[in-house]
Amino acid sequence: MYRSRIAGIGANVPENVVTNYDLEKMMDTSNEWIVERTGIRERRWVTQPTGAAELAFPACLEAIGDAGVEKKDIDFIIVATITPEHPMPGTSSFLQTLLELPGVPTLDIRVQCSGFVYGLSIADQYIRTGRYKNILLVGVEVQSVGLNLTTEGRDVAVLFGDGAGAVVVSRSDDSSEILSTHLGGDGRYAKELWCEAPIGYKSPRISKEMIDQGKHYPKMNGRQVFKHAVTIFPKVVYTAMRAQNWTIEDVDLVVPHQANIRIIEALAKKLGVGLDKVYSNIHKYGNTTAASIPLALYDALKEGKIKKGSNVILAAFGSGFTWASAAIRW
Ligand code: UT7
């Protein structure tokens, strides 16, 4: 068996910053409400048609460079997104074309906010078995064009942002290692945070009537999702700690999915640590779904909060419900 590690990382967000004050002009909301309830101060939204692959492309080049490999060394492309360009084929096909890597296998995964950690688990398995040596894993979302930007959609619209984070997962030849990954889900809650249309079993899949009813917008039962999030986040972190025989003192940084600062604070409280040990950058990007963990990892690395040898836990929870965690020695 081989061991895997995150060998390189890259990020890309649209230049366009949308503040809470900008949202006040579009719907009945306020900077105070958004900051108090979510911790979000601004997010990045694309300003012109930009597909997920296009947004991810610079992040991929950066990750490949950071890993010290070349494009031609990539032997598998995995993309986690819930906002692909088209229902088919997947974003990974478009990304493979931009990367000029014909022939390399591509895989889209759809497990919403848990997508990046699920992808990490898939990449880890392929490296461990020796099947592949360098896997490009991307979390990317273009959420902004799919939101209801009126007061009716404000509970969801103020949360989501666009962005991309990419890593190269490679065979490890030093102490760095993806030590374990842990996945789970409960589909009984599938409709608590979902987007109903286009509907796969109806003809036509999308109609004017569905659009008039707003079925093409994501909907969330916020309180129900929140309740589960504050229970499941600590559980997935403890699962990863137990697998490594770590106590919280052994953990240098927890990097959770960025859904809500109150959820992150509740996680820190449950773990008995301060926010210095549970990373957050939600104030500047909002919730970027599958991109949120790699974007947080990227910033935590740049800020020097993760160093060679750091013990890091990634934790995700989201629509599905799905959840996942990973224990990593950096
Ligand atoms: O990434 C996947 C996982 N996602 C999550 O974990 C998200 C989990 N849920 C949450 O983070 C929170 O439930 C929200 C941030 C979505 C909402 O916060 P909340 O404290 O649960 O608020 P609420 O839904 O209970 O709404 C409170 C009030 C309501 O008004 P009334 O009924 O009290 O008069 C809402 O209509 O706030 C109102 N409201 C807003 N007001 C201003 C809802 N959205 C907004 C808004 N601006 N954007």
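Source: prediction; values computed, not measured.

1. Quick look at the domain arrangement of the protein chain
Thinking step 1. Looking at the assigned domains, one finds that the protein chain contains domain 1 (4–173) and domain 2 (178–329).
Thinking step 2. In this structure, domain 1 and domain 2 have C-alpha centres spaced 14 Å apart.
Thinking step 3. Between domain 1 and domain 2, the residue contacts involve 50 residues of the former and 43 residues of the latter.
Thinking step 4. Summing both partners gives a buried area of about 3,600 Å² for domain 1 against domain 2, and 66% of it is carried by carbon and sulfur.
Thinking step 5. It is I9, C113 and V117 that lose the most area in domain 1 upon contact with domain 2, and together they represent 17% of the buried surface on that side.
Thinking step 6. Our count for the contact surface shared by domain 1 and domain 2 stands at 19 residue pairs in polar contact (both at pLDDT 80 or more).
Thinking step 7. Of all the elements in the fold, those that place two or more residues in the side of domain 1 that touches domain 2 are β1 (4–12), α2 (31–38), β3 (42–44), α5 (115–128), β6 (134–141), α6 (154–157) and β7 (163–171).
Thinking step 8. Split into classes, the residues belonging to the side of domain 1 that touches domain 2 amount to 21 nonpolar, 16 polar and 13 charged.

2. What about the site of the ligand?
Thinking step 1. Taken together, 21 residues lie near the ligand, and T29, R37, R223, N260 and N287 sit nearest.
Thinking step 2. In the environment of the ligand, an oxygen atom lies 3.1 Å from a nitrogen or oxygen atom belonging to the backbone of G222.
Thinking step 3. Between R223 and the ligand, the recorded distance is 2.5 Å, taken from a side-chain N or O atom to an oxygen atom.
Thinking step 4. If you list the elements that add at least two residues to the shell around the ligand, you get α2, α6, α8 (222–244) and α9 (261–271).
Thinking step 5. Sorting elements by how many residues they give to the shell around the ligand places α8 first, with four residues.
Thinking step 6. In the shell around the ligand, the residues fall into nine nonpolar, seven polar and five charged.

3. With respect to the pattern of salt bridges
Thinking step 1. Taken as a whole and judged by the stated rule, the model has 13 salt bridges.
Thinking step 2. With a shortest N-O distance of 3.5 Å, D73 and K72 are connected by a salt bridge.
Thinking step 3. Take D73: its relative accessible area is 27%, and that puts it in the partly exposed class.
Thinking step 4. Its salt-bridge partner being K308, residue D174 comes within 2.7 Å of it at the nearest N-O pair. In this pair, D174 sits in the loop between β7 and β8 (177–185) while K308 sits in the loop between α11 (292–302) and β12 (311–318), placing the two residues 134 residues apart along the sequence.
Thinking step 5. Here the residues in one salt-bridge network are R3, D124, R128 and E177, joined through shared partners.

4. A few points about the packing of helix α3 (residues 52–66) against helix α4 (residues 91–98)
Thinking step 1. Contact geometry for α3 and α4: axes closest at 9 Å, N-to-C directions at 50 degrees. Classed by the angle they form, the pair α3 and α4 counts as oblique. Judged by the twist between their axes, the crossing of α3 over α4 is right-handed. Of the residues in α4, those touching α3 at A52, A53, E54, A56, F57 and C60 are T91, F94, L95 and L98.
Thinking step 2. For the contact of α3 with α4, the per-class residue count stands at eight nonpolar, one polar and one charged.

The rules behind these values
Residues numbered from 1 in each chain as written. Predicted model: local features only at pLDDT ≥ 70, side-chain atom pairs only at ≥ 80, totals over all residues. Heavy atoms only, no water. Domains from an automatic or database assignment. Contact = heavy atoms within 4.5 Å. Buried area = accessible area lost by both parts, 1.4 Å probe. Polar contact = N/O pair within 3.5 Å; in protein donor to acceptor, adjacent residues only side chain to side chain. Helix = DSSP H or I, 4+ residues; strand = E, 2+ residues; numbered from the N terminus. Nonpolar A, V, L, I, M, F, W, Y, C, P; charged D, E, K, R; others polar. Near = heavy atom within 4 Å. Salt bridge = Lys/Arg side-chain N within 4 Å of Asp/Glu carboxyl O. Buried < 20%, exposed > 50% of the residue type's maximum accessible area, 1.4 Å probe, protein only. Axes fitted to C-alpha atoms, helices over the stretch in contact; angles between N-to-C directions. Parallel < 35°, antiparallel > 145°, perpendicular 65-115°, else oblique. Left-handed = near helix turned anticlockwise from the far one by under 90°.

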